[in-house]
Amino acid sequence: MAPRFHDLTVSAIERQTPEAVAIAFDLPEDLRETFRFKPGQYLTLATSLDGEDVRRSYSICSAPGDAQLKVGVKKVADGRFSRFVNDRLAVGDTIRVMPPEGRFTSLAGPRHDYLLIASGSGITPMLSIAKTVLGHEPDSTVTLVYGNRSTETIMFREELEDLKDRHLRRFSLVHLLSREKQDVDLLNGRIDGARIEMLSERGLIDPLGSDGVFLCGPGEMIDDVATTLKTYGVDEDRIRFERFTPSGEAPRPRAPSKAAKKAAADGVAIEVVLDGMRREFPMGEGAANVLDAAHEAGIELPYSCAGGMCCTCRCRVVEGQTEMAVNFSLEPWEIEAGFTLACQTRPLSQKLVLDFDAA
């Protein structure tokens with residue numbers, strides 16, 4: 001069943017840095033099962049700003065079993081939603097929240113060695129993973145490399161230090177600062193592939209000995225570090241990542257193919273299966289993708305980032321042919337199995353049937 005929004009009340013707002021807050025939600029008893037999550041997953045928040053529906057995904061920073069369900073939100077210059085959350089949202093306000101989603105989650109099994117590499121607000125899913133692993137896997141270890149501009153911009157600094165104090169032998173914390181001088185020169189600068197290689201050579205981290213290397217932050221950082229790790233000998237299937245934004249080197253959206261242009265010009269009959277119900281709507285030249293066409297027809301489909309990164313609009317092609325403008329989240333096996341992203345999908349045939357209920 002496709003995820004649906006629920007109205008949740010903000011129970012607490014904790015200022016983490018001058019540009020970031022942690023928001024806690026009051027979770028009614030009848031929604032606790034609905035909002036059960038795995039460490040590393042995210043919530044999609046939505047509200048109306050100036051008469052426009054605006055939504056954004058934020059990673060859960062609490063661990064399963066914690067008293068509060070929390071997300072971390074860092075203000076970004078061009079982020080309407082993040083500015084709203086940091087500057088206007090107040091305790092007692094109600095906001096629409098979609099149940100947890102995401103596959104950037106901790107490893108299955110009782111014992112693992114984790115290497116977590118995060119930049120800025122990329123710490124939010126890492127904190128959830130680290131707290132869960134350290135609290136429930138007594139034989140597992142966690143090494144966290146965390147990059148920020150300065151000490152002042154470190155989100156969850158006290159909570160991370162507390163974790164380090166409580167798990168001295170199992171939790172290693174490495175802070176990299178790009179605009180504040182530290183005593184050890186190796187720890188000065190941004191996270192990139194070269195820095196990760198140097199940390200490994202100095203023995204501060206052990207990528208080859210890690211069961212899973214988790215990356216979260218800007219696309220450029222993820223791409224550079226992942227390339228270095230693979231060159232270094234880390235198996236690709238042990239590298240996991242969650243993007244906040246595409247990298248500058250990431251593929252740009254492909255221009256519509258001739259088949260896509262022809263289908264749009266002729267008109268496409270689209271049918272979607274959502275929550276067990278079938279809905280139909282047309283798509284013509286005015287819509288860039290299936291999600292846009294649904295909006296024009298007044299049909300609400302599940303989505304969050306609308307940029308091909310979060311997988312909220314994942315669905316399976318039951319009938320017809322499609323192409324995607326860009327894809328940052330579907331795995332090769334999912335594409336082979338017929339899955340697509342509605343926010344990036346262009347029909348290539350005159351009829352298209354999409355199943356949003358497909359597992």
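For clarity, every value in this text was computed on a predicted model and none was experimentally measured.

Q: What is the right way to read the packing of aromatic side chains from this model?
A: Two aromatic rings are characterised by how far apart their centres lie and by the angle between their planes. Counted according to the given criterion, the structure contains 4 aromatic pairs. Considering the side-chain rings of Phe 81 and Phe 84, the 5.9 Å spacing of their centres and the 75° angle between planes classify their relative orientation as edge-to-face. One end of the pair, Phe 81, and the other, Phe 84, are both in helix 1 (residues 80–87), 3 residues apart, so they sit about a helical turn from each other. Summarising the burial analysis for this pair, Phe 81 and Phe 84 share the class buried. A ring pair is formed by Tyr 114 and Phe 214, whose centres lie 5.7 Å apart and whose planes are at 40°; its orientation type is tilted. Here the residue Tyr 114 occupies a position in strand 7 (residues 113–119), and Phe 214 occupies one in strand 10 (residues 212–217), the gap between them amounting to 100 residues. For the pair formed by Tyr 114 and Phe 214, the shared burial category is buried. Ring pairing ties together the aromatic residues Tyr 58, Phe 81 and Phe 84, which thus form one cluster. The aromatic ring of Phe 5 is capped on one face by Arg 96, whose charged end is 5.1 Å from the ring centroid. In this structure, Arg 314 is placed above the aromatic ring of Phe 339, and the distance from its NZ or CZ to the ring centre is 3.7 Å.

Q: Sorry, what's going on with the pairing of strand 9 (residues 171–177) here?
A: On any regular strand, side chains alternate: one points to one face of the sheet, the next to the other face. Counting buried positions over the 7 residues of strand 9 gives 6, a clear majority of the element. The pairing of strand 8 (residues 141–148) with strand 9 spans 7 bridges and is parallel. In the strand pairing of strand 9, Tyr 146 is matched with His 175. Following the backbone out of strand 8, through helix 3 (residues 157–166) and into the adjacent parallel strand 9, one traces a crossover that is right-handed.

Definitions and cut-offs
Residues numbered from 1 in each chain as written. Predicted model: local features only at pLDDT ≥ 70, side-chain atom pairs only at ≥ 80, totals over all residues. Heavy atoms only, no water. Phe/Tyr/Trp six-rings, centres within 6.5 Å; stacked < 30°, edge-to-face > 60°. Helix = DSSP H or I, 4+ residues; strand = E, 2+ residues; numbered from the N terminus. Buried < 20%, exposed > 50% of the residue type's maximum accessible area, 1.4 Å probe, protein only. Lys NZ or Arg CZ within 6 Å of the ring centre and 35° of its normal. Pairing = 2+ DSSP bridges. Right-handed = clockwise from strand over helix to strand, strands pointing away.

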